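Structural characterization, general
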Amino acid sequence: MADVPKREVENVEFVFEVMGSPGEGIDAFDLGDALRALNLNPTLALIEKMGGTKKRNEKKIKLDEFLPIYSQVKKEKEQGCYEDFIECLKLYDKEENGTMLLAELQHALLALGESLDDEQVENLFADCMDPEDDEGFIPYSQFIQRLMSDPVVFD
């Protein structure tokens, strides 16, 4: 059963209990959400490579199929951590004071990498963002902390 410690197997079983149905497993559409619920940060490309689907009810993933996926994604190096995200956002911190323009963050989320749509960005800001100051700046470290500690799930 993959090289997953017993405590982590218990966590995976709990995620399957919440997200799946007994005996059937989880929908492959929810693979990314299940991995994120287990504190992993896979890219959309990695989720697709591991068997995730773009539509519901195309395929189910059972626990014994999920554990090797979990193990492999856990070893994946291309998962950003807090420090990586802070270093990236420092590029937008022109005054080097821990703030950046909200509009620049919004543009980055809408246009760069695995971009989000307008509604997803609005939900993300509502859940994780402090209000911008009078000049349109936000403290980005608190945003990243909230984002990583309380993941936002997009339907």
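Residues numbered from 1 in each chain as written. Predicted model: local features only at pLDDT ≥ 70, side-chain atom pairs only at ≥ 80, totals over all residues. Heavy atoms only, no water.

A short note on the overall build of the chain
This is how it is decided: Only DSSP runs of H or I covering at least 4 residues are called helices, and only runs of E covering at least 2 are called strands; the numbering of each starts at the N terminus. Each residue is assigned to one of three classes by its accessible area relative to the maximum for its type, calculated with a 1.4 Å probe on protein chains only: buried under 20%, partly exposed between the two thresholds, exposed over 50%.
Secondary structure summary: the chain contains eight helices and four strands in total. Traced from its N-terminal end to its C-terminal end, the chain shows the element sequence α-β-α-α-β-α-α-β-α-α-β-α. Expressed as lengths along the three principal axes of its C-alpha atoms, the size of the chain is roughly 55 × 30 × 25 Å. Counting only residues that meet the buried cut, the chain has 35% of its 155 residues in that class.

A few points about helix 4 (residues 63–75)
Let me state the cut-off plainly: Multiplying 1.5 Å by the residue count of a helix minus one yields the expected span of that helix. Only heavy atoms matter for contacts: two residues are in contact if any of them lie within 4.5 Å across the pair.
The terminal C-alpha atoms of helix 4 lie 18 Å apart, and with 13 residues this matches the ideal 18 Å at 1.5 Å per residue to within 8%. Buried residues of helix 4: Phe66, Leu67, Ile69, Tyr70, Ser71 and Val73, and no others. Structurally, helix 4 contributes buried residues whose contacts are with helix 1 (6–19), strand 1 (26–27), helix 2 (31–37), helix 3 (44–49) and strand 2 (60–61).

Observations regarding the side chain of Asp93
We count it as follows: By the counting scheme adopted, Arg and Lys are positive, Glu and Asp are negative, and His together with the chain ends is not counted. Salt-bridge detection follows one rule: a side-chain nitrogen of Lys or Arg within 4 Å of a carboxyl oxygen of Asp or Glu. In protein, a polar contact requires one atom able to donate a hydrogen and another able to accept it; more generally it is a pair of N or O atoms within 3.5 Å, and residues adjacent in sequence count only if both atoms are side-chain atoms.
Note that Asp93 resides in the loop between helix 5 (82–90) and strand 3 (99–101). Despite being buried, Asp93 has no salt bridge partner; Lys90 is the closest side chain of opposite charge, sitting 7.5 Å away. Within polar-contact distance, the side chain of Asp93 engages the backbone nitrogen of Gly98 at 2.7 Å. Looking at Asp93, its side chain comes within polar contact range of the side chain of Tyr140, at 2.9 Å. Asp93 has contacts with Gly98, Thr99 and Tyr140, leaving out every residue within four places of it along the chain.

A closer look at the domain arrangement of the chain
Note: interface size is frequently given as the accessible area lost on complex formation between the parts. What counts here: In this document the domain limits rely on a domain assignment from an automatic tool or a database.
On domain assignment, one finds that the chain holds domain 1 (6–75) and domain 2 (82–147). For domain 1 versus domain 2, the distance between C-alpha centres works out to 28 Å.

Observations concerning the UniProt feature "domain: EF-hand" in the chain
As a reminder, the rule being used: UniProt positions are given in the numbering used here, feature names are shortened, and annotations may be inferred rather than shown by experiment.
With numbering matched to this structure, UniProt assigns "domain: EF-hand" to residues 7–41 and 80–115. For residues 80–115, the end-to-end C-alpha separation is 15 Å, with 53% helix and 8% strand making up the annotated structure.

Concerning the nonpolar core
Soluble globular proteins: nonpolar side chains tend toward being buried together. What counts is decided by this rule: Residues belong to one nonpolar core when they are buried, are Ala, Val, Leu, Ile, Met, Phe, Trp, Tyr or Cys, and are joined through side-chain atoms within 4.5 Å.
By size, the foremost hydrophobic cluster in this structure holds 21 residues, and its most contacted members are Val12, Leu31, Leu35, Ile61, Phe66, Tyr70 and Val73. Counting only elements with at least two residues in this core, the list comes to helix 1, helix 2, helix 3 and helix 4. Contact partners of Val12, with chain neighbours within four places excluded, come to Leu38, Leu63, Phe66, Leu67 and Tyr70. One finds Leu109, Leu116, Phe125 and Phe143 within the second-largest nonpolar core, a separate group that totals 16 residues.

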